[in-house]
Structures are given as structure tokens and as C-alpha cells.
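# Descriptive structure summary
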Protein chains: 2
Amino acid sequence: MESTHFSRFLFLLLAAGILILFACANFPTYLPPQPSPRLSSRCSASSSSSSNSSACKSRKIAGILKQPPNPTAESRRLRHESATPQHPLDPLTIQELNKVRHVINSHHLFKSPSSSAVALHTVVLEEPPKSAVLRWSPGDPLPPRKAFAIARSGGDTLLLSVDVASGELKADRASDSSPSGYPTMTVEDMTSATWAPFASADFNRTVTDRGVELSDVACLPISLGWFGKKEEDRRLIKVQCYSMKDTVNFYMRPIEGLTVVVDLDSKDVIEIVDKGRHIPIPNAANTDYRYSAIKKNQRLDLVNPISIEQPKGPTFTVTGDHLVRWANWEFHLKPDPRAGVIVSQARVKDPETGEMRSVMYKGYTSELFVPYMDPTDAWYFKTYMDAGEYGFGLNSMPLDPLNDCPRNAHYMDAVFAAGDGTPYVRPNMVCIFESYGGDIGWRHSESPITGMGIIEARPKVTLVARMAASVANYDYIIDWEFQTDGLIRIKVILFLGVLDI
Amino acid sequence: MESTHFSRFLFLLLAAGILILFACANFPTYLPPQPSPRLSSRCSASSSSSSNSSACKSRKIAGILKQPPNPTAESRRLRHESATPQHPLDPLTIQELNKVRHVINSHHLFKSPSSSAVALHTVVLEEPPKSAVLRWSPGDPLPPRKAFAIARSGGDTLLLSVDVASGELKADRASDSSPSGYPTMTVEDMTSATWAPFASADFNRTVTDRGVELSDVACLPISLGWFGKKEEDRRLIKVQCYSMKDTVNFYMRPIEGLTVVVDLDSKDVIEIVDKGRHIPIPNAANTDYRYSAIKKNQRLDLVNPISIEQPKGPTFTVTGDHLVRWANWEFHLKPDPRAGVIVSQARVKDPETGEMRSVMYKGYTSELFVPYMDPTDAWYFKTYMDAGEYGFGLNSMPLDPLNDCPRNAHYMDAVFAAGDGTPYVRPNMVCIFESYGGDIGWRHSESPITGMGIIEARPKVTLVARMAASVANYDYIIDWEFQTDGLIRIKVILFLGVLDI
């Protein structure tokens, strides 16, 4: 129990940092989804886990049902660059984001020689008033398209509203409306924090003293937060480091007790807490969790190819990239850099009247708070807000077709803005599919002697909208599951994959 | 809340009785499974619920994957009549049950002129000692086959042990070992109780006085139990009745407050509690829950054909009708008249050693207790033991292929003994299938910048063994789900189908 607790601390400790690296890698250039090399190798492997066989099988039986080919990076880029909004709630397009970026960069607030460079911590659609959205129906012109942005410049946080068509920009100081707090970190904030410690001779010395080569060290910005007077009015983050030597699972090799406090604005090292010299760094042996690294005799027995098939294709439709219709449901679904996905205007058909009834106007993950509540020096500050500080959307890796989602899945890309406002595409961030695992949705069997001979049973088929936020070693899966009986089931699943080795 | 509570009372109230009718209908003759007429009609229906479309679809895409045809009644009978046990825990075969019946009926205990007819409340395998079962391996001769039976004769309850080969019979008085209580009702007990009230002129009068025709009345043996001195040493049951006029859903038309106390041994009406004359019988209108009775405009939208496909067939094997092997699992599965199904010797392969490790020697539903805890006259006695008093196995309706279980399911029949020991077959009582609904079994995504490019995700494929006990308006589904990570998930699902109208 205690060790599990400690392990969880240890793993979460690293969540923030790997995020930095990941986000950095994806910013601002657009990476086409890479089919996992393990898939193909697994397919040829004689012994195979359910994962592999599933991956292989789904490919092998492609003849049963054509799967839409994964679009090329080029076709994907062209599609998004020419995309135009179809619905009042559709996210900002690449063209709109570029316009917004131009408006902000050329605004006097950020152009005057005195002003420092502006960093955009958020650029998303400023949704029209609910009344305007409800009034709108297909064919109507869209309400004015506006962007909401959070900008930091010269130590100030500004809340911006940009009218995309007119280019009009309104700005408010955040301090005027909210007394304290800072916006979601930018990718640049997090990346710079990973390298900041190496500018400190003290840091480099203590690492070397522990017998760790600097070239093997990876530092991760662990956790933000306000911890007393001396940290007043500063955007500080605690950074901790790990040895990447001899394993892909560096989460298992922490340099324990070594905490570096970094100023996210100046990038300065403010303080070094160095208390773990006596704590050895765990061995790298047997920490690799990859299927390809698992000994053959330790692999699961083969499971035959299995998949969900729909010979007539899926029942749902996706209009204008974001409006989903399925069975008796209709809802708007869009990626969001902070929340991950936002589900809007969920409506279900009333079987009595045939009318579409509003079930939910807007739903999303507001926050995922992970307080460790350990008072010791290296742990007291671990109070993660995985959505608000790191961004569920920013950390949603592309879903792995066939393994993350079944073969009948439809994929949705995200278009986000980097810290300088440059739009980029996060491919396959969301998948939508009809789920049928053999469950029963409704049943009643009646006694034959009554002469009724009733056997009423109805299979359970649902629609699932899925995203997976990989916040370092925490792999969150958010499933929005829609049932034909009008119920919405929201599942938040946490995998601590690197624990399962 | 209150009305829901009352409704649940009302529905459960009827559970016991319909069971009687059902069991009666299935006893002792063997009924081949009838494809629900609704299936075909649904298939041709333009509008269709997920159930129907599923049923139809699964038929329509039969070309994708051949489904083993449902065996004919004749072939099924022949197979079971010639069946021989393959495993120490295999249930008694038809041949063995016939032998046991002969031994008991010709035994002096039950043959002497003085002795009354014997009723067999249980005839099942008397499992060999655990040590003998663990010693046994395929190819070894089976340990001696014995039957355990509970017989009632002349008001006595006897526990019988019959050696199938030698015909040796050992008998103990239950009263010697257990101070009180009675065995599971026989089908005859329950059936006779449904007709007993009509022998009472008082009963017939009060029913007629309420404007209900006797020909429309169905009575059900509601609940057993011991309620005070005056019921000492008697096998009593409370019977209540309903109007079947103008609806298949007579559960909705109770003759409230009318309770008839019946002696299960003498079939005599002991007492009539008649307090509900002022309570009207609910209308029959809009109580029909059948799909065919639902107005077209109230049906769900069409869901396209969907099913689980395994082009190479299922991964699991069933040896000797009961030994199941799948992935890294092995277990023995058999139907049981009381428990429903019994899972024995569940073993999983240890990935370290490759050895099969014992996870569970024997698991089953010990009881399902439904105490209503309402002190009023017509409700205080409702303290159902749905497994022990009525029998989960006895009340398992044949599963409805495509609707109760997916198309890749394997079906297992049950062979039970009727109250006079006559064996009968309950077809398709259990189904076994591999489940894949698009869920993820394990995942970890790694940051591309580390150069690892790790995207590890493994779909979740499980093995499900399912039975459905239809205890009147309570439709229980018992799923034993086996995960490749060594976990067994037992799901007990309750549908109150007739509530959902």
C-alpha cells in the first residue's frame, strides 16, 4: 500500500514534464500520424497479445469492410487550410486563427517598442450567446465569429476578444477581474523549464556527484502553485529530474529529493532543494513496458482476430466536421485545447412527439485535480490541475487506429494555436464509433404457458466519442457514451501504463 | 419515489408465480428453442429498433462468417441421450439421471405401500472430494459418479446419496442435520399452488364480486417463509392473483390485497386475507411492452447492422461440453438448477513461469435475497430467495440468439431432473463468447521528442459466460467475464423489463 502510494507519487511527479517535451515536439509544426512500428512487427510475430492480434486481425480482414484510408499529411493540411466554419460553435479554423494572430501581433498593445513579446496562452472560439446559438438553424448566416485569447505581455495577463471579420480587438487586464492566478502554461513555458536547471552550476554539480551524466538527465516541470509570501506575484514551477540511461521508462529512474524552483517568466533558477543524495536511483533493468520488449514466453496467448463490423457502414453522420447525428441523438462535438473535447447541444428524439429534446447545452471536463497531499519537501507542491495547467487537448496524443479505437471508428482532427498564435493540426485527436460488445440493452422473457411465447431482448448498441490525454505517465481516456434510452454515460479512465510492467 | 417503490413491490410480488407457469410449461418435456416470431417480422419492418436491426443484420450478414446452425430438437435429444461424462465435475447425464431415478423409485424407502409418493427437489452431481478432482487429469478414469438428491416423502425431507454405478443409496433425514427449513420448491409445488385458490368458494366469490371473471384470473405463488407459531412445521406459501384480461403484461393488473395461504403438501387453502376490495385494478391500456406493440412513431431510429466478427472463428475451445479454454484461461462451466451456472477450477497462465495457476476452485451464485420489508398485510411476507426457493437454473429461459448473445457465441444446454426425476433438456441456457466493444485494455503514449515514438495501446478483449434467469418479471443476467490480465468480473444485471413501457 505504502509503496504503491509512493509509486503513484513518483509517476505523477513526472506528469508535467514529459508533457512539455511532447507538446514541444508537436509545436508548432504538424506531424502526420505515424503508424506504430510495433503494429507491423506484431503482425508478423508468431506469438501475439490481444492487442497485436487485434491490430493485425483488423488489417487482415479489411476485405470484410472497407476502412477509409488514413488521409495523407498533405491532404489533411489542404483540407484544414481551406476549411470554413459550418456551425456557430465550430472551433476557429486555420484561416481564422491566422487572422486573429495577425490582428493581435499588429495591435499597438503588443507592437510598441516598450512592450515585450506577447505569448498567447489560449486562442479559442468566443462562443456566441446561448440565445443566438439556439436561434440559429442550418442555412442561416453564422453569428459574428470571435476569438477569445489569453495573452501575457510584460508580466501582465490580458483577456482578449477579437472580432475575426472586422479585426476589432478588446482587451481587459485579468487582474481587474480575477485577483490572482495564471493562465494555462504555454508549450514554451514548459519547454524552457526543462532546460533551465542546466544553467545552474550547483545543479550540474550535485547531479554529477550522484554519478549521473548530464547527457542522461531529463528534467520535467512538475507542478505549479502558490506556496507562501516569498513566491508572491511570481510564476514559479518546481522542476525535478530523472535518468534516461538504459530504459525508455525513465519514470522509474527519478533523481529523488532534488527539486529546482524556476521562474517561468525570467527562466531563472530561484532555488535548489537538494536532499536526496542518500536515495539511490532505481535500476533500469526490467522497466521496459513495450510489447516488443516483453519476452515471448511471458506474452499472452494468441487471441484470434476480432472486430466490430457494420456491413452497411456506421449509422451516425458527421456534418461539417462537428455535428454528429446517431440513432435518436444529435450533438455538436469539438476539440478544445484545455477541456479536451466539448459536447454541445446534445438533443435526443422524444419517442412520444418525435421532437428533438435538449438534454445538455454544453458539457466538458472542467478540471482534473490531483493533490498528493504529502508534506515532505519533494512532494508537498504536487497539486496538479491536469486540464487547467497542462491542457487535456494540448496533451491528447493522436489516437492509434485499431488499438485505441475499433475499425469502425471515424476520426476527428484538432486545430489548435501555438504560443505565438500559429495554428497547427493535431490529427486523429478524437474518435467516434458505434460500440457493441454483446451486451443486452433490454430484455424480458415471458412464460410459454401463458401462450404469449414472449422472448423480448434488445442488444445494447451505443455511440462513443473518445479522446485520450497522455499527461506524461498518466493516460486518461475520456469516453462520452450515448445510449438509445437517452442516457449519456461519461467515463474517465486512467491508465498508469508504466506501472503495469 | 414512493410510487416507484410500490411498483417494484408490485412487480416482484408476481415473480414467484409466473415462474410456476413457466417451469410447468418446460416440465418434463423438452422444448426446442423457438425463434421469436418478432425477429422475422422485425426484419421486414421498415422502422426498427437496435434490437431488431441487430437481429436482422446479424442474419443478413451471415455470409461474412458462418454461424453454426441451431441444432434440431431431434439431434439435440440424441446428443444428450448418448452423452457420457468427460470430467469429474461434469453434471449428471440423461443416462445417469435415469439410472438414479430408477434406483430411488425402486428403493424400499419409497416403495413400501405405507410410503407416499416421493418428490425429488434436487438431483445433481455429488461432486467428488476436492483432492480427488485436483488429482485427476485427462485420460484418468473418473472418480466414482454419485448423485445428490433431496427427496420429500410422507412429510419427511431426506438427503440421498446414490452411487450411479453400484446403485447403492444412502439416506439421511434432513431434520437430523438441519433444525428447520425446506428444500427448493418443485415445479409441481409451484404449479399446484397456482390452481389451489379456485377450490375455495370464498375466493371465487370475492374475485367475482370485484367484477373479474374467473377465466381471466392467474394466480401466482408469491413467497414462502415462516411467519409465527401457527405456521409451525408446515410448508406454506402465500398466493396472489392478477387479471390477464386485455394485456400480455398482467403484472400491471394485480387484484390488490387479496392473499391466499396454501399448504404446499396438502394443497389446501388455509386462509384468505381479503382487504383490497376498494383498490381498483389498473387498466390494461398501454401496458404492452412488446416491440411489435409499440407504435411505429415511438420506435427508435434505425441502427445499422452491427456485430462482433471473428473471421478465424472464436479463440476459445469447449472440451467435453464443459471445459473452457481461452487465451490464458481455463475453467469448467456447468449449468446448475439452483445456482444457474457453476464455474470450477478457474486457472490462469502465469506469464513468468508459463504454469497454470489456480484462481478459484468453485464459484456460483449462492443466493439472491429480495426482502421487501413492507409491514402491510399484502407485503410483509415478500422475502424472496430467487436462487434457493425458485432456482436460477430452473428459471433460465433459453437465450435468444443474436439478441441475448452476439453472433459469435457458443451455446450450452442444461440437463436437469424434473420433480419425479425425469431428465429434461433446457436448450441454450448458457452462452460463451469473446467480447470486444472497442474498449482499451492497456495504453501508454510516450513523447515523440524522446525519440522513442512509443504508442502502446492494447484493445480489451474478454471472454463472457452468460446466463439469464427469468424469475417472472425479474430478468437477471449473470455474466462471468474473464480478462487476460487475470481478473474475473462477475456482473449481476437486473432488468425489470415490464417497468420500461
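What you see is a predicted model, and the numbers here were worked out from it, not measured in a lab. (Residues numbered from 1 in each chain as written. Chains lettered and ligands numbered in written order. Predicted model: local features only at pLDDT ≥ 70, side-chain atom pairs only at ≥ 80, totals over all residues. Heavy atoms only, no water.)

## Looking at the domain arrangement of chain A
Each domain of chain A was delimited in the assignment, giving domain 1 (73–177), domain 2 (187–288) and domain 3 (317–500). Inter-centroid distance (C-alpha atoms) of domain 1 of chain A to domain 2 of chain A is 35 Å. (Domains from an automatic or database assignment.)

## A look at the sheet that holds strand 22 (residues 474–483) of chain A
Residues and elements named next belong to chain A. Across the sheet, 5 strands lie side by side as 17-18-21-22-23; this open sheet has antiparallel pairing. With one partner strand each, in any of the chains shown, strand 17 (410–417) and strand 23 (488–495) form the two edges of the open sheet. If you compare each strand with its neighbour and ignore which way they point, the axes differ by 25 degrees on average. With 10 bridges connecting them, strand 21 (residues 462–471) and strand 22 associate as antiparallel partners. (Pairing = 2+ DSSP bridges. Helix = DSSP H or I, 4+ residues; strand = E, 2+ residues; numbered from the N terminus. Axes fitted to C-alpha atoms, helices over the stretch in contact; angles between N-to-C directions.)

## A look at the UniProt feature "domain: Copper amine oxidase N3-terminal" (unreviewed entry) in chain A
As recorded in UniProt, the feature "domain: Copper amine oxidase N3-terminal" (unreviewed entry) lies at residues 183–282 of chain A. Here residues 183–282 of chain A is 18% helix and 27% strand, with 36 Å between the C-alpha atoms at its ends. (UniProt positions renumbered as here; feature names shortened; annotations may be inferred.)

## A word on unusual backbone geometry
With phi around 80 degrees, Leu402(A) is a residue other than glycine that occupies positive phi space. Here Leu402(A) lies in the loop between strand 16 (383–385) and strand 17. For Asp321(B), which is not glycine, the phi torsion reads 75 degrees and is therefore positive. Take Asp321(B): it is sitting in the loop between strand 10 (317–319) and strand 11 (323–326).

## Observations regarding the pattern of salt bridges
A full pass over the atoms with the stated rule returns 70 salt bridges over all chains. Two residues, Glu231(A) and Lys238(A), come together in a salt bridge whose shortest N-O distance is 3.0 Å. A relative accessible area of 3% means that Lys238(A) is categorised as buried. With its nearest N and O atoms 3.4 Å apart, the salt bridge here joins Glu127(B) to Lys362(B). Taken together, the residues Glu127(B) in the loop between strand 1 (119–125) and helix 8 (130–135) and Lys362(B) in strand 14 (residues 356–364) connect sequence positions 235 residues apart. (Salt bridge = Lys/Arg side-chain N within 4 Å of Asp/Glu carboxyl O. Buried < 20%, exposed > 50% of the residue type's maximum accessible area, 1.4 Å probe, protein only.)

## Section: the state of the cysteines
All names here are of chain A. A complete count under the given rule lists 4 disulfides over all chains for this structure. A sulfur-sulfur distance of 2.0 Å marks the disulfide that ties Cys 219 to Cys 241. Taking the torsion about the sulfur-sulfur bond, which here is approximately 100 degrees, the covalent link between Cys 219 and Cys 241 counts as right-handed. One end of the pair, Cys 219, is in strand 5 (residues 217–223); the other, Cys 241, is in strand 6 (residues 236–243), with 22 residues separating them in the sequence. Taking only the cysteines that form disulfides and numbering them from first to last, chain A has the pattern 1-2, 3-4. (Disulfide = S-S within 2.5 Å.)

## Some thoughts on the side chain of His121(B)
Residues and elements named next belong to chain B. The topology assignment puts His 121 in strand 1. Of the polar contacts made by the side chain of His 121, one reaches the backbone oxygen of Thr 184; its length is 2.7 Å. If we ignore the near neighbours within four places in the chain, the residues touching His 121 are Ile 150, Arg 152, Pro 183, Thr 184, Met 185, Thr 186, Asp 189 and Arg 235. (Polar contact = N/O pair within 3.5 Å; in protein donor to acceptor, adjacent residues only side chain to side chain. Contact = heavy atoms within 4.5 Å.)

## Description of the sheet that holds strand 5 (residues 217–223) of chain B
Residue and element names in this part refer to chain B. The 4 strands lie next to each other as 5-6-7-8, forming an open sheet whose pairing is antiparallel. Each end of this open sheet is capped by a strand with a single partner; those strands are strand 5 and strand 8 (269–274). Going from strand to strand, the sheet's axes swing by 30 degrees on average, the running direction of each strand aside. Note: strand 5 against strand 6 (residues 236–243), 6 bridges, orientation antiparallel. Bridging from a neighbouring strand, Cys 219 pairs with Cys 241 of strand 6. Seen against the sheet, helix 10 (residues 187–195) touches strand 5 and strand 6 and runs at an angle of roughly 130 degrees to strand 5.

## Looking at the pairing of strand 7 (residues 258–263) of chain A
Residues and elements named next belong to chain A. Strand 7 sits mainly inside the fold: 6 of its 6 residues count as buried. With burial as the criterion, each face of strand 7 is covered, one bearing Leu 258, Val 260 and Val 262 and the other bearing Thr 259, Val 261 and Asp 263. The pairing of strand 6 with strand 7 spans 4 bridges and is classified as antiparallel. Bridge pairing in strand 7 places Lys 238 opposite Val 261. Pairing analysis gives 5 bridges linking strand 7 to strand 8 (residues 269–274), with the strands arranged antiparallel. Along strand 8, the bridge assignment pairs Val 260 with Ile 272. In textbook terms, the turn of a hairpin is the stretch between consecutive antiparallel strands, and for strand 7 and strand 8 this stretch comprises 5 residues, one of which, Lys 267, has a positive phi near 65 degrees.

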